[in-house]
Amino acid sequence: MTTDLAQIDLDIDGMTCASCANRIERKLNRLDGVSASVNYATEQAHVEYPTKLDSGDLITAVRDAGYHATPVHPRDASTDADDDRADSGGDRELDGLRRRLIVSAALTAPVIALAMVPAWQFTYWQWLSLTLAAPVVVWGAYPFHRAAWINLRHGATTMDTLVSMGTLAAFSWSVYALFFGTAGEPGMRHGFDLIASRGDGAANIYLEAAAGVTTFLLAGRYFEKRAKRRAGDALRALLDLGAKDVVVMIDGAERRIPVTELTVGDEFVVRPGEKIATDGVVVQGASAVDASMITGESVPAEVTVGDDVIGATVNTSGRLVVRASRIGADTALAQMAKMVADAQAGKADAQRLADRISAYFVPAVITIAVATLGFWLGAGGTGGVTFAFTAAVAVLIIACPCALGLATPTALMVGTGRGAQLGVLLKGPEVLESTRRVDTIVLDKTGTVTTGEMTLESVVVAGNVDDERLLRAAAAVEAGSEHPIGAAIVAGAEHRYPRSRQDVTGFRAVEGSGVTGVVDDARVAVMSPSRIEHPLPERLSVAIDDAHARGATAVVVLFDDRPAGVIVVADRIKPSSAAAIAELRRMGLTPVLLTGDNAGAAHHVAAAVGIDTVIAEVTPADKVASITELQADGHSVAMVGDGINDAGALAQADLGLAMGTGTDVAIQASDLTVVSGDLWAVVDAIRLARRTLGTIKVNLFWAFAYNVAAIPVAAAGLLNPMLAGAAMALSSVFVVANSLRLRRFRPHPRG
């Protein structure tokens, strides 16, 4: 028997790491018939559940796991502006983290300085350190303590557990040493005896370790939260594309109303330069509509009565009257927004290495600390109970990974800084692993491999008119047009024949057909071939057919109603594309050309730049499906695009790269942005991201290696302040120095 299923998206509050997402996912999936996917990056859960349950059961399950959930309420364009204004007030959690970070950093700096510079250790300096460190460890580290407590209640451990235990152990032992040991006496100094010796530990304080770890990890948590805060920007940018109001026809009169009041069947007016308010059918007029956000093609599509038009596309010329056929969530724009949201929610999280390792490291450290305490209590001897506790606490302190807090943030900071210098913008650490795995790179055609702008390609003449006269006359009449083809003809004429602009009289734009005017006493018309009613000379017909086969655009120029020639304009291939694609191949990536343009244009461009696989004439939904199909075949896919129509595919891909010359929506939906429109920048972006990931992995290895190596020393009771400080300082210095090597990254030589 088939069970009816419902779907719901939940906002999850309280997650601090990828293992939190896994715990919630497991808790939800234990419910009968429930299939849940929790995305740590977007802090949302997508749940399919049988109708015998309700959303309250799901929210209760999340609460039982120690977190909070609320249903996601879909937004539309009408509420988006209000939501943005609310958002501008700031994210309370992000603001709270920023305050904790700033205050903690200000208090921690003097604590570390006093501990590391003996010359500054004045009488009773240790008590000032306690005063400064206490707010950091208690208030600054509260998010870690809270997460550790939630994990403890549910029998789980993460890096939050180790951070909380380590900082509290270091702080608590320092308080004990100050009040009940000898560390609080006047003239106490941090020693520099390199020879480890046994002692009761009551003369040692570890305040700089507790405060330093807290501040470093707060910095990492803040920058991670800020990156996740931007996860919804692509959706907000998409919804902002829609028109906010519309002129409707009511009893033959025009009236402007908010777009939210529009209903199916209403007729509305779209003037030149305005956005089409919603999906509909043209009932009056003819024009050219810029539908590049859907098709990716740089040439506006000619529309007339009976043609479908898409909301948020731009009417470039004539006046249109459109009958609304779809509104709200049913429109193409809303479906694209949903596509981006679904792709982001479905993208697999790249769990941080630290969290994965912590699943084994944290329980092992706790076990060792307990075993150390038990061993020395049983062994007795010098120091007794105090010595046993000193050794056990030392294990927790030395295992608290100060360098681990630096490992990812420093490499990411240096890597992103170097990337910014080279025009490569990296959104966050979670995208780095994808750069190592990708084996297929999918390239959008228009604006990515090509310039995305129409340029003059050739002029073919018939009869007694020469190239110069034909082109100058066509440019004269097109100068009064705003059509991209006309702009390409004008620019091409000015390039070939500078300062040769001719005067035109009687200019007229024929909606959906072309332009006409009088130049040098000749009536000149530049028309679409489809609007020419009488036969064309064979030479011109062949030129038109050849242009269409290559995906170029041809227009016919008539002198006194007689065909005089054909002008061909085309989207030009970027000079760097072929060499950059060859380098991507050498990096182990298989290029694929994906475009909404016609097959002829796609194959022509692919052949010119060395791409074997072409997927053409696809809609934005088809682009997402194509990426999904490649992933289903076992490929890890990178997608490079620049248009609104690429946003869903960029979000769906394992690695999305947006050209900075493209739309804001594409940039927001991507993982990496290259500021220039040059494909060589994509090569550099992938190389830099891979290098940064390698640096992070080395940092993480040594951050753990130093701690692991010191744990046996601590368990043996041979840990003195110098050894603890040296281990912390040495691992941190290594991590920082290794990260700084990224500053020497150089772009690939342009070939």
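Keep in mind that this is a model prediction, so the values were computed, not measured.

**Student:** What am I meant to see in the packing of helix α5 (residues 125-140) against helix α6 (residues 142-153) here?
**Tutor:** Axis angle and axis distance: for two packed helices, these are the angle between their axes and the distance between the axes, and together they describe the pair. Contact pair α5 / α6: the axes reach a minimum separation of 6 Å and the direction vectors enclose 40°. Considering their axes alone, α5 and α6 lie oblique with respect to each other. Along the contact surface, α5 presents Val137, Val138, Trp139 and Gly140, while α6 presents Tyr142, Pro143 and His145. Across the contact of α5 with α6, the residue classes break down as five nonpolar, two polar and no charged.

**Student:** Please clarify how the environment of isoleucine 485 should be interpreted in this entry.
**Tutor:** Here isoleucine 485 is to be found in helix α18 (residues 484-496). Remark: the alpha-carbon pair of isoleucine 485 and glutamate 453, spanning 32 residues in sequence, is separated by 9.4 Å.

**Student:** For this particular structure, what's the right way to read helix α21 (residues 599-609)?
**Tutor:** Within an α-helix, residues lying three or four positions from one another point in the same direction, as the helix has 3.6 residues per turn. What α21 keeps buried is the set Ala601, Ala602, Val605, Ala606 and Val609. Buried residues in α21, looked at end-on, bunch into an arc of 125°, giving them a common side. Glycine 610 lies just past α21 and shows a positive phi near 85°.

**Student:** Explain the nonpolar core here, please?
**Tutor:** Generally speaking, nonpolar side chains in soluble globular proteins are found buried as a group. Ranked by size, the top nonpolar core spans 43 residues in total, and within it Ile441, Leu443, Leu593, Leu657, Leu679 and Val682 carry the most contacts. Take this core: its biggest share by element is eleven residues, from helix α25 (residues 679-715). Excluding residues within four positions of it along the chain, leucine 657 makes contact with Ala638, Met639, Val640, Gly641, Leu650, Ser670, Leu672, Val682, Ala685 and Ile686. Of all hydrophobic cores here, the second largest spans 38 residues; its members include Leu130, Ala177, Tyr206 and Ala369.

**Student:** Hey, could you run me through α5 in this one?
**Tutor:** With 16 residues, α5 extends 22 Å from end C-alpha to end C-alpha; this agrees with the ideal 22 Å at 1.5 Å per step. Among the residues making up α5, those that are buried are Trp125, Gln126, Ser129, Leu130, Leu132, Ala133, Val136, Val137 and Gly140.

**Student:** Which parts of the structure should I look at to understand the sheet that holds strand β25 (residues 655-659)?
**Tutor:** By definition, the strands of a sheet pair up through backbone hydrogen bonds, in either a parallel or an antiparallel sense. Strand order in the open sheet made by the seven strands is β14-β26-β25-β24-β15-β22-β23, with mixed pairing throughout. Strands at the two margins of the open sheet, each flanked by one partner only, are β14 (424-426) and β23 (613-615). For this sheet, the mean inter-axis angle between neighbouring strands, taken without regard to orientation, is 20°.

**Student:** Could you clarify how one ought to interpret the UniProt feature "transmembrane region" (unreviewed entry) in the protein chain in this entry?
**Tutor:** Summarizing the sequence annotation, UniProt attributes the feature "transmembrane region" (unreviewed entry) to residues 101-118, 124-142, 162-183, 203-223, 357-379, 385-408, 698-716 and 722-740 in the numbering used throughout. In the segment residues 101-118, helix accounts for 89% and strand for 0%; the C-alpha atoms at its two ends are 27 Å apart. Counting secondary structure, residues 162-183 comes out at 86% helix and 0% strand; the distance between its end C-alpha atoms is 25 Å.

**Student:** Please explain a nonpolar patch on the surface as it appears in this structure.
**Tutor:** Taken together, the side chains of Val103, Val138 and Trp139 make up a nonpolar region of the molecular surface, amounting to roughly 260 Å² of accessible area. Tracing the backbone through its elements, the reader meets tryptophan 139 in helix α5.

**Student:** What is the right way to read unusual backbone geometry from this model?
**Tutor:** Trans peptide bonds make up most of the peptide bonds, and negative phi angles are found at most residues other than glycine. The backbone of aspartate 560 sits at a positive phi, close to 50°, despite the residue not being glycine. Along the chain, aspartate 560 falls in the loop between β20 (553-559) and β21 (562-573). The exposure class of aspartate 560 is partly exposed, given its relative accessible area of 33%. Here aspartate 561, not a glycine, exhibits a phi torsion of approximately 70°, which is positive. Among the secondary structure elements, aspartate 561 is positioned in the loop between β20 and β21.

**Student:** So what exactly am I meant to see when it comes to the side chain of lysine 574 here?
**Tutor:** Following the sequence through the fold, lysine 574 ends up in the loop between β21 and α20 (577-586). Within the structure, the side chain of lysine 574 is placed 2.9 Å from the backbone oxygen of glycine 447, a separation counted as a polar contact.

**Student:** Mind showing me how you'd approach the sheet that holds strand β9 (residues 287-290) here?
**Tutor:** In spatial order, the strands read β10-β9-β12; together these three strands make up an open sheet with antiparallel pairing. The open sheet has two free edges, formed respectively by β10 (301-303) and β12 (314-315), since each of these has just one partner strand. Note that β9 and β12 share two bridges and pair antiparallel. Each bridged residue has a counterpart across the sheet, and for aspartate 290 the counterpart in β12 is valine 314.

**Student:** Looking at this structure, I do not really get the pattern of salt bridges. What am I missing?
**Tutor:** Opposite charge on two side chains lets them pair, provided their charged atoms get close. Counted by the stated rule, this structure contains 15 salt bridges. Put simply, glutamate 583 and arginine 586 hold a salt bridge, and the shortest N to O gap is 3.0 Å. One end of the pair is glutamate 583 and the other is arginine 586, both in helix α20 and three residues apart, which spans about a single turn. On the accessibility criterion, glutamate 583 (9% relative accessible area) is buried. On the basis of relative accessibility, which here comes to 61%, the residue arginine 586 falls in the exposed class. It is possible to trace a salt-bridge network through shared partners that takes in Glu254, Arg271 and Arg319.

**Student:** Is there a simple way to think about the side chain of aspartate 646 in this case?
**Tutor:** Its place among the elements puts aspartate 646 in the loop between β24 (637-641) and α23 (647-652). Setting aside chain neighbours within four positions, we find aspartate 646 in contact with Asp444, Lys623, Met639 and Gly641.

**Student:** Can you help me understand the packing of α6 against helix α7 (residues 159-180) in this one?
**Tutor:** Contact geometry of α6 with α7 gives a least axis separation of 8 Å together with a crossing angle of 120°. Judged on the interaxial angle alone, α7 and α6 are oblique. In this structure, the crossing between α6 and α7 has a hand that is left-handed. Here α6 contributes Phe144, His145, Ala147, Ala148 and Asn151 to the contact with α7, which in turn contributes Asp160, Thr161, Val163, Ser164, Thr167 and Leu168. Partitioning the contact of α6 with α7 into residue classes produces five nonpolar, five polar and one charged.

What counts and what doesn't
- Every chain is numbered on its own, with residues counted from 1 as its sequence reads.
- Confidence filtering applies because this is a predicted model: local features only for residues at pLDDT of at least 70, side-chain atom pairs given and counted only at 80 or more, and all residues used for totals across whole chains, interfaces and linings.
- Where side-chain values are given, they derive from all heavy atoms of the structure, hydrogens and water being excluded.
- Interaxial angles span 0 to 180 degrees and are taken between N-to-C directions of axes, which are lines fitted to C-alpha atoms, for helices over the stretch in contact.
- Strands here are runs of E lasting at least two residues and helices are runs of H or I lasting at least four, both read from the DSSP assignment and numbered beginning at the N terminus.
- Here is the rule for angles: anything less than 35 degrees is roughly parallel, anything more than 145 is roughly antiparallel, 65 through 115 is roughly perpendicular, and the remaining ranges are oblique.
- Every residue pair with non-hydrogen atoms within 4.5 Å of one another is taken to be in contact.
- Residues are grouped as follows: Ala, Val, Leu, Ile, Met, Phe, Trp, Tyr, Cys and Pro are nonpolar; Asp, Glu, Lys and Arg are charged; all remaining types, including Gly, are polar.
- Only protein chains enter the area calculation, which uses a 1.4 Å probe; residues under 20% of their type maximum are buried, those over 50% are exposed, and those in between are partly exposed.
- Working note: the arc is built from the helix axis to C-beta atom directions.
- Nonpolar cores were defined as sets of buried Ala, Val, Leu, Ile, Met, Phe, Trp, Tyr and Cys residues, with membership established by side-chain atoms within 4.5 Å.
- Here, expected helix span is obtained from the residue count minus one, scaled by 1.5 Å.
- At least two bridges found by DSSP between two strands is the condition for calling them paired.
- UniProt positions are given in the numbering used here, feature names are shortened, and annotations may be inferred rather than shown by experiment.
- Like-charged residues within 9 Å of one another, or nonpolar side chains (Val, Leu, Ile, Met, Phe, Trp, Tyr) within 5 Å, are grouped into patches, provided each residue has over 30% relative accessible area and no salt bridge.
- Note on areas: Shrake-Rupley with a 1.4 Å probe; residue coverage comes only from the protein chains shown.
- We define a salt bridge as a contact between a side-chain nitrogen of Lys or Arg and a carboxyl oxygen of Asp or Glu at a distance within 4 Å.
- Nitrogen and oxygen atoms within 3.5 Å of one another constitute a polar contact, given that in protein one can donate a hydrogen and the other can accept it, and given that sequence-neighbouring residues count only through two side-chain atoms.
- In this scheme the crossing of two helices becomes right-handed for a clockwise turn of the near helix relative to the far one and left-handed for an anticlockwise turn of less than a right angle.

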